[in-house]
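Tertiary structure, described
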Amino acid sequence: NYRAVLIDFGATRSRNYLDAWNRGEALEGLAPQITPFYAPPEAVVEARRANGELGLTFHPSIDVYAAALVIYSIITGHPPYSHLKTPLDHHEMESVIAAKSAERRGEITPISDEVLRAVVYEDTRFLSGDRAAFDEALHRFLSKRVAPDPEERGSAAEMKRDLEKLALIRSRKADQDVLWAALESGEI
């Protein structure tokens, strides 16, 4: 079994709350609190809303995006954007906004396939496929969660399910039996 540890809960709001906020409706309480470096572009860089006003957009996938960057950093030992030719100073808001703007336009991504392939997995045995297959699957998993379009990122539940498959996390006996059967049949 494994448990998730909540590291940043400031952006969590109901979908109705976020939809109202994004329409520019006055709501009680604070705006979602974010760490700009780990927030998706739409939560850092203003854009035209449906009503024509400029504003930030807080999509329910905001925490999925942030979690993907944290997972990337934990696995690689590198911060997001470290692969860029021009270093990003995450303490300098103008630098973060410039990077998030470029990311929103699809010009850059916060993660790097090259950095993922350079990770050294000491004392690790790949149970399914080989190292290259794992690197490719991990890159696909993370890339989906940091997609420029918030609708493409999926939900936290989908992310959890996909991470369990990717990392071969088995939380129940029945899951173990299914997993081992899939491994033995070559499905995974």
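A few points on the structure. This one's a predicted model, so the numbers in the text were calculated from it and none came from an experiment. (Residues numbered from 1 in each chain as written. Predicted model: local features only at pLDDT ≥ 70, side-chain atom pairs only at ≥ 80, totals over all residues. Heavy atoms only, no water.)

1. Examining the packing of helix α5 (residues 131-145) against helix α6 (residues 156-166)
The line we're drawing: Geometry is summarised by axes, namely lines fitted to C-alpha atoms with helices restricted to the contacting stretch, and by angles between N-to-C directions that run from 0 to 180 degrees. Secondary structure elements follow DSSP: runs of H or I of four or more residues count as helices, runs of E of two or more count as strands, with numbering from the N terminus. Here roughly perpendicular refers to angles of 65 to 115 degrees, roughly parallel to angles under 35, roughly antiparallel to angles over 145, and oblique to all remaining angles. Note on contacts: a residue pair qualifies if any of its non-hydrogen atoms lie within 4.5 Å across the two residues. Basically, the charged four are Asp, Glu, Lys and Arg, the nonpolar ten are Ala, Val, Leu, Ile, Met, Phe, Trp, Tyr, Cys and Pro, and anything else, Gly included, counts as polar.
In contact at an axis separation of 11 Å, α5 and α6 are set at 175° when each is read in the N-to-C sense. When the axis of α5 is compared with that of α6, the two are roughly antiparallel. Here Phe 134, Ala 137, Leu 138, Phe 141, Lys 144 and Arg 145 of α5 come into contact with α6, specifically with Glu 158, Met 159, Asp 162, Leu 163 and Leu 166. Split into classes, the residues belonging to the contact of α5 with α6 amount to seven nonpolar, no polar and four charged.

2. Details of helix α3 (residues 93-104)
Spelled out, the test is: Expected span of a helix: the number of residues minus one, times 1.5 Å. Categorising residues by exposure relies on relative accessible area from a 1.4 Å probe, with only protein chains included: less than 20% of the type maximum marks a residue as buried, more than 50% marks it as exposed, and the intermediate range marks it as partly exposed.
Its 12 residues place the ends of α3 16 Å apart at the C-alpha level, agreeing with the 16 Å of an ideal helix rising 1.5 Å per residue. Within the span of α3, buried status applies to Val 96, Ala 99, Lys 100, Ser 101, Ala 102 and Glu 103. Elements that come into contact with the buried residues of α3 comprise α2 (62-76). Trailing α3 by a residue or two, Gly 106 shows a phi angle of about 80°, which is positive.

3. Digging into α6
Here α6 has its buried residues at Met 159, Asp 162, Glu 164 and Leu 166. At the C-terminal side of α6, Leu 168 shows a positive phi close to 55°.

4. Comments concerning the packing of α2 against α6
The condition that has to hold: By definition, any crossing whose near helix is turned counterclockwise from its far helix by less than a right angle is left-handed, and any crossing with a clockwise turn is right-handed.
With their axes 10 Å apart at the nearest point, α2 and α6 run at an angle of 30° to one another. Overall, the two elements α2 and α6 adopt an arrangement that is roughly parallel. The chirality of how α2 crosses α6 is right-handed. Judged by residue contacts, Val 64, Ala 67, Ala 68 and Ile 71 of α2 engage Ala 156, Met 159 and Leu 163 from α6. When the residues that make up the contact of α2 with α6 are grouped by side-chain class, the tally is seven nonpolar, no polar and no charged.

5. Side note on the nonpolar core
The cut-off we apply is this: Throughout this description, the term nonpolar core refers to a set of buried Ala, Val, Leu, Ile, Met, Phe, Trp, Tyr and Cys residues connected via side-chain atoms within 4.5 Å.
Judged by nonpolar contacts, the single largest core of 30 residues is most densely connected at Leu 138, Phe 141 and Leu 142. Sorting the residues of this core by element identifies α1 (15-22), α2, α3, α4 (113-117), α5 and α6 as the ones contributing at least two each. In terms of residues, this core owes the most to one element, α2, which gives seven residues. Sequence-distant contacts of Leu 142, defined by excluding residues within four places in its chain, comprise Ala 68, Ile 71, Tyr 72, Ile 111 and Leu 116.

Purely geometric numbers; function is a separate question.
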